[in-house]
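What the coordinates show
Residues per chain, in single letters:
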Amino acid sequence: MKNDKRTAVVIGAGLGGIALSARLAKQGYAVTVIEKNAEPGGRTGRLICDGHRFDTGPTLFLMPEVFSATYKDLGYRMEEHLDLIRIDPTYQIRFADGIELTLTGDVNRMQTQLEAVEPGSFTGYLGYLNEGHRHYKVSLDKFVGRNFFSLADYFSPANLPLIFQLKALMKHYDNIGRYFKDPHLKAAFTFQNMYLGLSPYDAPATYSLLQYTELADGVWFPKGGMYQIITSLTRIAQDLGVQFLYNQPVEKINVQGSRATGVRLGDGKVINADLIIANADLPYVYQYLLPEEPTAQDLQKKKYTCSAITFYWGVDRIYEQLGMHNVFLAGDYRQSFDRIFNDFTLPDEPSFYVHAPARVDSAAAPAGQDTLMVLVPVGHLDSNGTQDWTALKDRARTTVFKRLAEIGVMGLAEHIKFEVAYTPEHWRGLYNLEKGSAFGLSHNFAQVGYLRPKNRHGRYENLYFTGASTHPGTGLPMVLLSARLTAERIIKENQN
Ligand SMILES: Cc1cc2nc3c(=O)[nH]c(=O)nc-3n(C[C@H](O)[C@H](O)[C@H](O)COP(=O)(O)OP(=O)(O)OC[C@H]3O[C@@H](n4cnc5c(N)ncnc54)[C@H](O)[C@@H]3O)c2cc1C
């Protein structure tokens, strides 16, 4: 019997590639996902070592409604696949001068803490949340949750006022001054821009939506770790008929005229398909997988998000001082961002984040022991610079030990059983991330919405993109939206 299903090849089994492949399979496509690594997930990775389980990338599960919509669209219920635990307090923030703040959805507790730092600031907090709520709802409906097909559409009379309403042209750090005067509070409600790999001195004020969603909709964690998202969606994709090939790097996308015809693998094998969708980082795809074209060079000149030095430590004891999410902010907040985004290095006084998953999920570490993931934001790879990542990694580790000792975490170095560490070079090598940038292309005004690289190639009409460096952007919820938007576009443009 003739198999007349349309065929699609997806390059990369990151969250974007998995979600998109499942959506296409549900629409009747025969989909093959080709992944260079041995397992799916990409940046949403995992590491299991000596009874310790680490999520190597994302640890914050935000915007559950976006995840839930993906499972529902595929015909499943999220609750049957993810056992979500709400994390409250969301984080413990420690400033270099010893001040501490516990961010929580408990309004009374927030009031007491905020008023102690800056009298009258609770009113500012409520105003800030109100603005974040507006930004979140309007963005989801009108900007990040839809495709833009022309500049006229993006800057249409209906959309233009929204750009001002969402404060897309205002810097987040300038905007926070309307709500708080105290520098601790300004930092406590802007550092979250680092989740998008952005400096709050550069990020549009629109991103107050993140703080809103954390405090109002909550920060969550799937029992078993963030990798459960990957395991469950991969299984669903397979149930819908998607084939996954692992350890198979794609070396080239073959093209002819205005079409992509297939992909060539590392072993020389060619797989042809009606549609090609690249989930691998978009600038890398233009640079290495496609025939030379000026867009590849233009993409190199764009702004990129930061990178990260990450440590994964198996520890032979538990330090009660650490909660699930711990944020340590630099004394010189401004300078720490300048060093990352202007000098592409490790700040002199770095901020960092420590994740201790065993606080809510005991299976993440052997009994009486601990699993710690530390993320230190740093500049991305800079071809003009002389970045010594071994030395910078050592300095990052020393700073982490010093700041942790200040809150009573003593002798940590002696209690680390093993260490795995990634630098920007690892991020580049592991997932082909251009410049080792952990979150992909940046999200300044000139690189979002219609101005962000499109989810279909300009010349090859059957070559599409999904993932962090295309519209709408980085972070798991955005990548799930990207998968939906690209799938919708494919279905619409390939109906006949
Ligand atoms: C350290 C870190 C912390 C983060 N924390 C959070 C967080 O707490 N919350 C959150 O929501 N987001 C977080 N993020 C962001 C989030 O991880 C990403 O936005 C998201 O995982 C990107 O998914 P993706 O599908 O776009 O790309 P990727 O995950 O990069 O997937 C692309 C896939 O393509 C594969 N590939 C590349 N080249 C080829 C090739 N030639 N052939 C075959 N396969 C190829 C790669 O191996 C990879 O599997 C974090 C990211 C990092 C790095």
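All of these numbers come straight from a predicted model, not from anything done at the bench.

Bringing the side chain of Asp-370 into the picture now. Tracing the sequence through the fold places Asp-370 in strand β17 (residues 370-378). The class of Asp-370 is buried, set by a relative accessible area of 1%. Contacts of Asp-370, omitting those with residues within four sequence positions, involve His-52, Trp-313, Gly-314, Val-315, Arg-317, Ile-318, Tyr-319, Ala-358, Arg-359 and Ala-365.

It is worth spelling out the pattern of salt bridges at this point. Here the structure, examined in full by the defined rule, presents 23 salt bridges. In this structure, the salt-bridge partner of Arg-359 is Asp-370, at a minimum N-O distance of 2.7 Å. In this pair, Arg-359 is assigned in the loop between β16 (352-355) and β17 and Asp-370 in strand β17, connecting sequence segments eleven residues apart. Judged by its relative accessible area of 28%, Arg-359 is partly exposed. In this structure, Glu-488 engages Arg-484 in a salt bridge whose closest nitrogen and oxygen atoms are separated by 3.0 Å. Of this pair, Glu-488 and Arg-484 are both found in helix α17 (residues 476-493), four residues apart, which corresponds to roughly one turn of the helix. Look at Glu-488 and you get partly exposed, because its relative accessible area is 39%. Residues participating in the shared-partner salt-bridge network are Arg-77, Glu-79 and Glu-80.

This brings us to the side chain of Ser-469. Along the chain, Ser-469 turns up in the loop between β19 (463-465) and α17. Since its relative accessible area comes to 2%, Ser-469 is described here as buried. Within polar-contact distance, the side chain of Ser-469 engages the side chain of Asp-281 at 2.7 Å. There is a polar contact of 3.1 Å between the side chain of Ser-469 and the backbone nitrogen of Leu-441. Apart from residues lying up to four places away in sequence, Ser-469 is in contact with Asp-281, Leu-282, Pro-283, Gly-440, Leu-441, Arg-452 and Pro-453.

What follows concerns the site of the ligand. Taken together, 38 residues lie around the ligand, and Glu-35, Arg-43, Tyr-284, Ala-468 and Leu-476 are the ones closest in. Between the ligand and the protein, one listed contact pairs an oxygen atom with a backbone N or O atom of Thr-59 at 3.1 Å. In this structure, an oxygen atom belonging to the ligand sits 2.9 Å away from a main-chain N or O atom of Gly-475. Expressed as a share of its isolated accessible area of 1,000 Å², the protein-covered part of the ligand is 97%. Of the residues belonging to the shell around the ligand, the class tally is 20 nonpolar, 15 polar and three charged.

Take the layout of surface pockets next. Quantified by volume, the largest pocket comes out at close to 640 Å³. Every residue lining the largest pocket is counted, 30 residues in all, and those nearest its centre are Tyr-304, Phe-344, His-380, Leu-381 and Lys-435. Of all the secondary structure elements, the ones that give two or more residues to the lining of the largest pocket are α11 (282-289), α13 (333-341) and α16 (424-431). For the lining of the largest pocket, the element with the most residues is α13, which contributes four residues.

The next point concerns the nonpolar core. Ile-93, Tyr-125, Phe-189, Ile-229, Leu-233 and Ile-277 are the most contacted members of the largest nonpolar core, which has 113 residues in total. Ignoring any residue separated from it by four or fewer positions in sequence, one finds Ile-229 in contact with Leu-15, Phe-61, Phe-67, Tyr-71, Leu-82, Pro-222 and Leu-476.

Before going further, it helps to spend a moment on helix α1 (residues 15-26). When the terminal C-alpha atoms of α1 are compared, their 17 Å separation across twelve residues agrees well with the 16 Å that a helix rising 1.5 Å per residue should span. Counting buried positions over the twelve residues of α1 gives eleven, a clear majority of the element. Regarding α1, the residues found buried are Leu-15, Gly-16, Gly-17, Ile-18, Ala-19, Leu-20, Ser-21, Ala-22, Arg-23, Leu-24 and Ala-25. One or two residues past the end of α1 sits Gly-28, with phi positive at roughly 100°.

Once that is clear, we can look at the packing of aromatic side chains. With the rule as written, the count across this model stands at 30 aromatic pairs. Ring geometry for Phe-180 versus Phe-189: centroids 5.0 Å apart, planes at 15°, classification stacked. For Phe-180, a relative accessible area of 0% puts it in the buried group. Pairwise contacts between aromatic rings join Phe-54, Tyr-312, Phe-418, Tyr-422, Trp-427 and Tyr-431 into one cluster. Over the face of the ring belonging to Tyr-201 we find Arg-334, whose NZ or CZ atom lies 4.1 Å from the ring centre. Across from the ring centre of Phe-149, 4.9 Å away, lies the NZ or CZ of Lys-492, which sits over that ring.

Attention now goes to the packing of helix α3 (residues 107-117) against helix α4 (residues 121-143). Packed helices, taken two at a time, are described by the angle their axes make and the gap between the axes. At a minimum axis separation of 8 Å, α3 and α4 run at an interaxial angle of 130°. Between α3 and α4, the angle falls in the class oblique. Seen from α3, the contacting residues are Val-107, Met-110, Gln-111, Leu-114 and Glu-115; seen from α4, they are Ser-121, Phe-122 and Tyr-125. Of the residues assigned to the contact of α3 with α4, the class counts are five nonpolar, two polar and one charged.

Our focus in this paragraph is the sheet that holds strand β13 (residues 275-278). Within a sheet, neighbouring strands are paired by backbone hydrogen bonds and run either parallel or antiparallel to one another. Read from one edge of the open sheet, five strands run β9-β2-β1-β13-β19, paired in parallel fashion. Where the open sheet ends on each side, the last strands, each with one partner, are β9 (243-245) and β19. Adjacent strand axes in the sheet meet at a mean angle of 20° when their direction is disregarded.

Rules of the game
Residues numbered from 1 in each chain as written. Predicted model: local features only at pLDDT ≥ 70, side-chain atom pairs only at ≥ 80, totals over all residues. Heavy atoms only, no water. Helix = DSSP H or I, 4+ residues; strand = E, 2+ residues; numbered from the N terminus. Buried < 20%, exposed > 50% of the residue type's maximum accessible area, 1.4 Å probe, protein only. Contact = heavy atoms within 4.5 Å. Salt bridge = Lys/Arg side-chain N within 4 Å of Asp/Glu carboxyl O. Polar contact = N/O pair within 3.5 Å; in protein donor to acceptor, adjacent residues only side chain to side chain. Near = heavy atom within 4 Å. Areas by Shrake-Rupley, 256 points an atom, 1.4 Å probe, with all protein chains shown as cover. Nonpolar A, V, L, I, M, F, W, Y, C, P; charged D, E, K, R; others polar. 1 Å grid on protein atoms, 1.4 Å probe; cavity = no way out; pocket = protein on both sides within 12 Å on 5 of 7 lines; lining within 4 Å. Points joined across faces, edges and corners; volume = space filled by probe spheres on them. Core = buried A, V, L, I, M, F, W, Y, C linked by side-chain atoms within 4.5 Å. Expected span 1.5 Å × (residues − 1). Phe/Tyr/Trp six-rings, centres within 6.5 Å; stacked < 30°, edge-to-face > 60°. Lys NZ or Arg CZ within 6 Å of the ring centre and 35° of its normal. Axes fitted to C-alpha atoms, helices over the stretch in contact; angles between N-to-C directions. Parallel < 35°, antiparallel > 145°, perpendicular 65-115°, else oblique. Pairing = 2+ DSSP bridges.

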